[in-house]
Amino acid sequence: MFYKFFCHYFLFPCKIIVIDELFIMNYFVPLRLNMSQPLAERLRPRTLDDYIGQRHLVGEGAVLRRMIDAGRITSFILWGPPGVGKTTLAQIIANRLQTPFYTLSAVTSGVKDVRDVIEKAQKGRFFTEASPILFIDEIHRFSKSQQDSLLGAVERGVVTLIGATTENPSFEVIRPLLSRCQLYVLKSLEKDDLLQLLHRAVTTDIVLKERHIELRQTDALLRFSGGDARKLLNILELVVEAETGDVIVTDELVVARLQQNPLAYDKDGEMHYDIISAFIKSIRGSDPDAALYWLARMIEGGEDPKFIARRLVISAAEDIGLANPNALLLANTAFDVIQKIGWPEGRIPLAEATVYLATSPKSNSAYLGIDAALQIVKQTGNQPVPLPIRNAPTQLMKDLGYHDGYKYPHDFPGHFTPQQYLPDALVNQRIWHAQHSPSEQKLYERMVNYWGERYKD
């Protein structure tokens with residue numbers, strides 16, 4: 001049996017449909033705000049015009065804005081750090097399209113919950129032309145079987161899936177599901193976005209605007225927030241609640257309040273990102289004691305071991321690199337092992353990889369090299385491939401000179417002979433610069449022996 005009624009607690013009529021005790025509620029602005037709600041919740045935007053940041057996605061003419069304005073969206077996954085508006089954007093879309101909005105938590109929902117929601121969404125389709133939206137927060141925590149249970153409904157359009165994740169979807173979302181969704185990357189909020197949010201908080205929030213708050217200095221607020229809107233508002237709320245009367249916000253005041261209660265601004269566990277940062281920086285700085293300490297903090301806090309293992313792989317490639325190529329092999333092995341044995345024994349290979357990386361010589365020449373190459377490509381565009389090293393699978397290509405003059409290195413002494421591999425416009429361009437650790441010194445000397453003056457720094 002279906003009921004439709006209007007709720008006087010909302011600024012607009014609030015349509016609630018009851019389907020087998022499942023409530024589907026369109027998202028509207030409450031007329032009576034709950035004063036006990038955190039500041040971040042009270043200021044949650046309800047329209048795209050109020051939404052701060054992510055202009056590359058929701059600004060005028062941007063891809064998501066065009067789909068929303070057209071009244072129909074496809075399934076997509078929002079990937080970005082905490083506090084940049086993933087959940088808010090999903091709610092705004094559901095409200096704008098006036099379509100039922102289902103939410104599942106990847107932490108507490110199982111396959112049965114997924115199937116129940118899909119079934120009820122299918123039954124409720126006659127209430128709207130657009131597919132109901134199924135929003136799954138932290139979709140990276142869904143198991144393979146849970147993600148498999150979504151495939152059919154997403155492909156048939158029974159639901160439009162909006163997933164949100166702080167983790168790289170290519171690691172955590174199964175390929176069939178990822179192929180059925182667009183991927184949109186959300187960025188940490190920039191300084192101007194955060195300042196706009198602060199101004200809105202102190203001038204429009206029903207509680208803060210009565211406190212006569214002056215934002216005399218904002219550097220500490222911005223620094224501690226790390227581009228996270230929710231963290232920024234939590235810090236501001238903490239500082240204001242600790243004061244009486246009018247409030248003058250200064251950097252000194254913010255630092256003092258956070259030192260008194262350093263975790264108060266981190267109510268949702270986002271210290272997670274600060275700790276992984278400390279972990280990686282300790283490895284980069286060759287401090288195995290500190291690296292093991294931060295590893296222990298993550299283990300004790302219940303961190304996903306795959307999250308730690310992936311960061312070790314990245315660190316091995318970025319920070320150790322060619323100074324000790326075995327580091328990448330060991331880190332990748334730890335990643336494989338942790339998926340086979342899990343906790344608690346998994347702490348041992350993670351610790352082994354951590355100590356090995358922290359005590360290894362360091363080089364970021366490969367990391368700097370690829371970034372330099374990418375910058376050159378952006379600046380110079382699509383330079384033509386020299387004819388001798390082009391592929392020539394057809395006779396026409398051979399007649400045009402493709403592959404003509406190519407020298408096969410293995411036919412020459414030492415398996416090397418000089419020839420041009422870079423485009424004509426970049427023929428003398430240096431990109432990779434060796435860093436002289438003992439291991440990398442051998443690579444550098446080999447290049448000087450091959451190429452002579454070109455590789456002499």
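Colleague: If you had to explain the overall build of the protein to someone new, which residues and values would you point to?
Modeller: A count of helices and strands for the protein gives 20 helices and nine strands. In the protein, buried positions account for 44% of the 457 residues. In the form shown here, the protein has an accessible surface area of approximately 24,600 Å², with 54% of it arising from carbon and sulfur atoms.

Colleague: Could you give me a rundown of the sheet that holds strand β4 (residues 101–105), with the residues and numbers involved?
Modeller: Reading across the sheet, the five strands line up as β4-β5-β6-β3-β7 and stay open at both edges, with parallel pairing between neighbours. Only two strands of the sheet have a single partner each, and these edge strands are β4 and β7 (182–185). Averaged over all pairs of adjacent strands, the angle between their axes in this sheet comes to 20 degrees, without regard to strand direction. Two elements, strand β3 (residues 76–79) and β7, share four bridges in a ladder whose sense is parallel. Its bridge partner being in β7, Ile77 is matched across the sheet by Leu183.

Colleague: Run through the packing of aromatic side chains, naming residues and quoting values.
Modeller: Applying the stated rule across the entire model yields five aromatic pairs. Relative to Tyr184, the ring of Phe76 lies with its centre 5.4 Å away and its plane at 65 degrees, an arrangement referred to as edge-to-face. Of this pair, Phe76 sits in strand β3 while Tyr184 is found in strand β7, placing the two residues 108 residues apart along the sequence. Of the residues examined, Phe76 reaches a relative accessible area of 0% and is grouped as buried. Using a relative accessible area of 8% as the deciding quantity, one classes Tyr184 as buried. Aromatic pair Phe416 and Tyr450: ring centres 4.2 Å apart, planes at 5 degrees, arrangement stacked. Note that Phe416 is positioned in the loop between α19 (395–399) and α20 (438–451) and Tyr450 in helix α20, a separation of 34 residues in sequence.

Colleague: Quick rundown of a nonpolar patch on the surface? Include the residues and the values.
Modeller: Taken together, the side chains of Tyr406, Tyr408 and Tyr421 define a hydrophobic patch exposed on the protein surface, amounting to about 290 Å² of accessible area. Looking at the element boundaries, Tyr406 is found in the loop between α19 and α20. The class for Tyr406 is partly exposed, based on a relative accessible area of 31%.

Colleague: Break down the environment of Glu167 for me, with residues and values.
Modeller: By the element assignment, Glu167 lies in the loop between β6 (160–165) and α7 (169–172). Since its relative accessible area comes to 5%, Glu167 is described here as buried. Separated by 28 residues in the primary sequence, Glu167 and Ile139 have C-alpha atoms spaced 9.0 Å apart. When neighbours within four sequence positions are excluded, Glu167 is seen to be in contact with Trp79, His140, Glu172, Tyr273, Phe307, Arg310 and Arg311.

Colleague: Go over the pairing of strand β5 (residues 133–137), please, and point to the residues and values.
Modeller: Among the five residues in β5, four count as buried, and that is most of the element. Sheet analysis places β4 next to β5, joined by five bridges and oriented parallel. Among the inter-strand pairings, Thr103 is bridged to a residue of β5, identified as Phe135. Examined bridge by bridge, β5 and β6 share five bridges and lie parallel to one another. The residue bridging Ile136 from the neighbouring strand is Gly163, located in β6. Chirality of the crossover, the property in question, places the unit of β5, helix α6 (residues 144–156) and β6 among those that are right-handed.

Colleague: Go over helix α11 (residues 229–241), please, and point to the residues and values.
Modeller: The end-to-end C-alpha separation of α11 is 18 Å, in line with the 18 Å expected for 13 residues at 1.5 Å each. Among the 13 residues of α11, eleven are classified as buried, and the element is accordingly described as predominantly covered. Every buried residue belonging to α11 is among Ala229, Lys231, Leu232, Leu233, Asn234, Ile235, Leu236, Glu237, Leu238, Val239 and Val240, and all of these are buried. Measuring from the side-chain oxygen of the N-cap residue of α11 to the backbone nitrogen of Arg230 gives 2.9 Å; that N-cap residue is Asp228.

What counts, and where the lines are drawn
Residues numbered from 1 in each chain as written. Predicted model: local features only at pLDDT ≥ 70, side-chain atom pairs only at ≥ 80, totals over all residues. Heavy atoms only, no water. Helix = DSSP H or I, 4+ residues; strand = E, 2+ residues; numbered from the N terminus. Buried < 20%, exposed > 50% of the residue type's maximum accessible area, 1.4 Å probe, protein only. Areas by Shrake-Rupley, 256 points an atom, 1.4 Å probe, with all protein chains shown as cover. Pairing = 2+ DSSP bridges. Axes fitted to C-alpha atoms, helices over the stretch in contact; angles between N-to-C directions. Phe/Tyr/Trp six-rings, centres within 6.5 Å; stacked < 30°, edge-to-face > 60°. Patch = residues over 30% accessible without salt bridge, like charges linked within 9 Å, V, L, I, M, F, W, Y side chains within 5 Å. Salt bridge = Lys/Arg side-chain N within 4 Å of Asp/Glu carboxyl O. Contact = heavy atoms within 4.5 Å. Right-handed = clockwise from strand over helix to strand, strands pointing away. Expected span 1.5 Å × (residues − 1). Polar contact = N/O pair within 3.5 Å; in protein donor to acceptor, adjacent residues only side chain to side chain.

So, to be careful, I would describe these as geometric facts and stop short of saying anything about function.
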